[in-house]
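Reading the structure
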Amino acid sequence: MPGKEDPDLLKTYREKRDFSLTPEPAGGGTRSGKGIFVVQKHLSRRLHYDLRLEVDGVLKSWAVPKGPSADPRDKRLAVQTEDHPLEYAGFSGSIPQGQYGAGTVEIWDAGTYRNMTQKDGQEVSMADALEKGHASFWLEGRRLQGGYALTRTQRGWILVKMRDGMARQGIDLPADEG
Ligand code: MN
């Protein structure tokens, strides 16, 4: 679908921030056309990893306290947060004290992804998949590769590595970095 972002999708993002004080992007609304993803290591009040997937011109976002694992046995809580502008995928730096998310952001992984969600043999769009509470996608990043699934539960979303050739038992990526 060509066209600009739906401005309402970024309303919450913009309301939370004062762009005269934070170096984060306000967003202009261009699509990358590639299906980008990013994981940002965010050291704020509590360390977490922000997973963001390009869907319909914005970055759908989840805060993953323990970060993504390469081991399909690990179920990672993923708390959905407000949609971010596409430009945020390139953001790293320091968010000043007193601002929302104050702390440091570094790009932990980035690349492209491919939607793998199907129902009854038919592809389901990422927007529809997330609306219905289950999406699977193939990541092509430096650290993260292969299929991952996000599933909404009563306690929040769960992120898991799918069982495929890129799964690595016992490899918990963030924890193994030390
Ligand atoms: Mn964050």
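Every value quoted in this text rests on a predicted model; they were computed, and no experiment measured them. (Residues numbered from 1 in each chain as written. Predicted model: local features only at pLDDT ≥ 70, side-chain atom pairs only at ≥ 80, totals over all residues. Heavy atoms only, no water.)

Glancing now at the pattern of salt bridges. Scanning the model with the defined rule gives eight salt bridges in all. The salt bridge involving D74 is made with R76; its shortest N-O contact spans 3.7 Å. Look at D74 and you get partly exposed, because its relative accessible area is 22%. Several salt bridges share partner residues, and in doing so they unite R17, E24 and E82 into one network. (Salt bridge = Lys/Arg side-chain N within 4 Å of Asp/Glu carboxyl O. Buried < 20%, exposed > 50% of the residue type's maximum accessible area, 1.4 Å probe, protein only.)

It is worth spelling out the nonpolar core at this point. In this structure, L53, F137 and L150 are the most contacted members of the largest nonpolar core, which totals 25 residues. With four residues, strand β2 (residues 47–55) is the single largest residue contributor to this core. When near neighbours in sequence (up to four residues on either side) are disregarded, F137 contacts L53, Y113, R114, N115, M116, M126, G146, G147, Y148, L150 and L159. Judged by nonpolar contacts, the second largest core, of twelve residues, contains L10, Y13, L86 and A89. (Core = buried A, V, L, I, M, F, W, Y, C linked by side-chain atoms within 4.5 Å. Helix = DSSP H or I, 4+ residues; strand = E, 2+ residues; numbered from the N terminus. Contact = heavy atoms within 4.5 Å.)

Burial within strand β3 (residues 58–64) is extensive, with seven of its seven residues counted as buried. The antiparallel pairing of β2 with β3 creates a hairpin that spans two residues between the two strands, and D56 there sits at a positive phi of about 50 degrees. Where β3 and strand β4 (residues 76–85) come together, five bridges link them in antiparallel fashion. Bridging from a neighbouring strand, S61 pairs with T81 of β4. (Pairing = 2+ DSSP bridges.)

Phi angles above zero are rare outside glycine, and D56 is one such case at about 50 degrees. Position of D56 among the secondary structure elements: in the loop between β2 and β3. With a relative accessible area of 34%, D56 lands in the partly exposed category. One non-glycine residue, D120, lies in positive phi territory at about 50 degrees. Examined against the element boundaries, D120 turns out to sit in the loop between β7 (118–119) and β8 (122–123). D120 gets classed as exposed once you look at its relative accessible area, which sits at 72%.

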